[in-house]
Amino acid sequence: MTLDINEIQQILPHRPPMLLVDRITALDPFKSATGIKCVTMNEPFFLGHFPGHPIMPGVLLLEGMAQVGGVAMLYPAEHRGKIALFGGMENVKFKRPVVPGDTVVTKAELVRVRGLFGLLHADAYVEDELVASADFKFALKNADEL
C-alpha cells in the first residue's frame, strides 16, 4: 500500500514546515511503514543550520522518522484523529549528515504495543546507507486530552 502527500495529511496532524514525510511507499497498518523525505535546499531550517554548510538538524531527522511510524500507528480507523506523542527516545544514533539533495528512506516498525502505548524502531537510509536509527516510546492520545 502506498500513500501520497494528500493521504498522509489525512492521517497525520502535521503540516509544512513540520510535515517531514513526502510519501509512504509501503504500509502494513499498526505494524510497519516505509516512507521517503526528499531533502531540498528550500527547507527553511537550512537558512541557519548551517550557513555555507547545510545539514538537516538531527532532531528534525528523528521527527521525520517518527512521522513515518506515526502513519503506521494512526492509519487504522480506530486511531484516526489521535495524536502520537513522544514518551522518550532510546538508542539514538547518527551515522552521517543528511544534506540537500538526499532522499531519506525511513523504515519504521512497531516493536511492542500495549493499549495506546508502545515502542517503535526506525532506521533512516540515504542510498542504502544507514544515516540514523532510534527507538521511540509513544502514546496515542485524543487531541482533547492534551
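No experiment lies behind these values; they were computed from the predicted model shown.

The rules behind the values
- Residues numbered from 1 in each chain as written.
- Predicted model: local features only at pLDDT ≥ 70, side-chain atom pairs only at ≥ 80, totals over all residues.
- Heavy atoms only, no water.
- Helix = DSSP H or I, 4+ residues; strand = E, 2+ residues; numbered from the N terminus.
- Rg over C-alpha atoms; globule rule 2.2 N^0.38 Å.
- Buried < 20%, exposed > 50% of the residue type's maximum accessible area, 1.4 Å probe, protein only.
- Contact = heavy atoms within 4.5 Å.
- Areas by Shrake-Rupley, 256 points an atom, 1.4 Å probe, with all protein chains shown as cover.
- Lys, Arg positive; Asp, Glu negative; His and termini not counted.
- Charge placed at Lys NZ, Arg CZ, Asp CG, Glu CD.
- Patch = residues over 30% accessible without salt bridge, like charges linked within 9 Å, V, L, I, M, F, W, Y side chains within 5 Å.
- Salt bridge = Lys/Arg side-chain N within 4 Å of Asp/Glu carboxyl O.
- Phe/Tyr/Trp six-rings, centres within 6.5 Å; stacked < 30°, edge-to-face > 60°.
- Lys NZ or Arg CZ within 6 Å of the ring centre and 35° of its normal.
- Pairing = 2+ DSSP bridges.
- Polar contact = N/O pair within 3.5 Å; in protein donor to acceptor, adjacent residues only side chain to side chain.

Trainee: What should I look at first to understand the overall build of the protein in this one?
Mentor: A tally of helices and strands in the protein yields two helices and six strands. Reading the protein from its N terminus to its C terminus gives the helix and strand order α-β-β-α-β-β-β-β. Taken over the C-alpha trace, the protein has a radius of gyration of 15 Å; the compact-globule value for 146 residues is 15 Å, and the two agree within 12%. Among the 146 residues that make up the protein, the fraction classed as buried is 42%. When contacts within the protein are restricted to residue pairs at least 6 apart in sequence, those whose partners lie at least 24 apart make up 59%. Summed over all atoms, the accessible surface of the protein reaches about 7700 Å², with 54% contributed by carbon and sulfur. The distance from the centre of the 14 positive side-chain charges to the centre of the 17 negative ones in the protein is 5 Å.

Trainee: Which parts of the structure should I look at to understand a nonpolar patch on the surface?
Mentor: Residues Phe 86, Met 89, Val 92 and Phe 94 make up a contiguous nonpolar surface patch of roughly 350 Å² in combined accessible area. Here Val 92 is to be found in strand β3 (residues 82–94).

Trainee: Looking at this structure, I do not really get the packing of aromatic side chains. What am I missing?
Mentor: Any aromatic ring pair is given by two values, namely how distant the centres are and how the planes are angled relative to each other. Tallying each qualifying case throughout the model produces two aromatic pairs. Summarising the aromatic geometry, the rings of Phe 86 and Phe 136 are spaced 5.7 Å apart at their centres and angled 20 degrees between planes, so their arrangement reads as stacked. With Phe 86 in strand β3 and Phe 136 in strand β6 (residues 129–142), the pair connects residues that are 50 residues apart, well separated along the chain. For Phe 86, a relative accessible area of 42% translates into the label partly exposed. The ring of Tyr 75 has Arg 80 sitting right over it, with the charged end atom 4.8 Å from the ring centre.

Trainee: Which parts of the structure should I look at to understand the pairing of β6?
Mentor: Sheet analysis places β3 next to β6, joined by 10 bridges and oriented antiparallel. Looking at the pairing, Glu 90 lines up with Asp 135 of β6. Of the pairings in the sheet, the one linking strand β5 (residues 117–126) to β6 comprises 10 bridges and is antiparallel in character. Looking at the pairing, Gly 118 lines up with Phe 138 of β6. In sequence, β5 turns back onto β6 through a hairpin of two residues, with Glu 127 there showing a positive phi of about 50 degrees.

Trainee: How should I be thinking about the pattern of salt bridges in this particular structure?
Mentor: In a structure, side chains of opposite charge can pair up when their charged atoms sit close to one another. Evaluated as defined, the whole model comprises four salt bridges. Between Lys 37 and Glu 43 there is a salt bridge whose closest N-O contact spans 3.0 Å. Glu 43 carries the same exposure label as Lys 37, and that label is buried. The closest approach of N and O atoms between Glu 90 and Lys 137, which form a salt bridge, is 3.1 Å. One end of the pair, Glu 90, is in strand β3; the other, Lys 137, is in strand β6, with 47 residues separating them in the sequence.

Trainee: Just checking my understanding: could you explain the side chain of Lys 37 for this structure?
Mentor: Here Lys 37 shows up in strand β2 (residues 32–38). For Lys 37, a relative accessible area of 9% translates into the label buried. Side-chain polar atoms of Lys 37 contact the side chain of Glu 43, separated by 3.0 Å. Other than its neighbours up to four places away in sequence, Lys 37 contacts Leu 20, Val 21, Asp 22, Glu 43, Asp 102, Thr 103 and Val 104.

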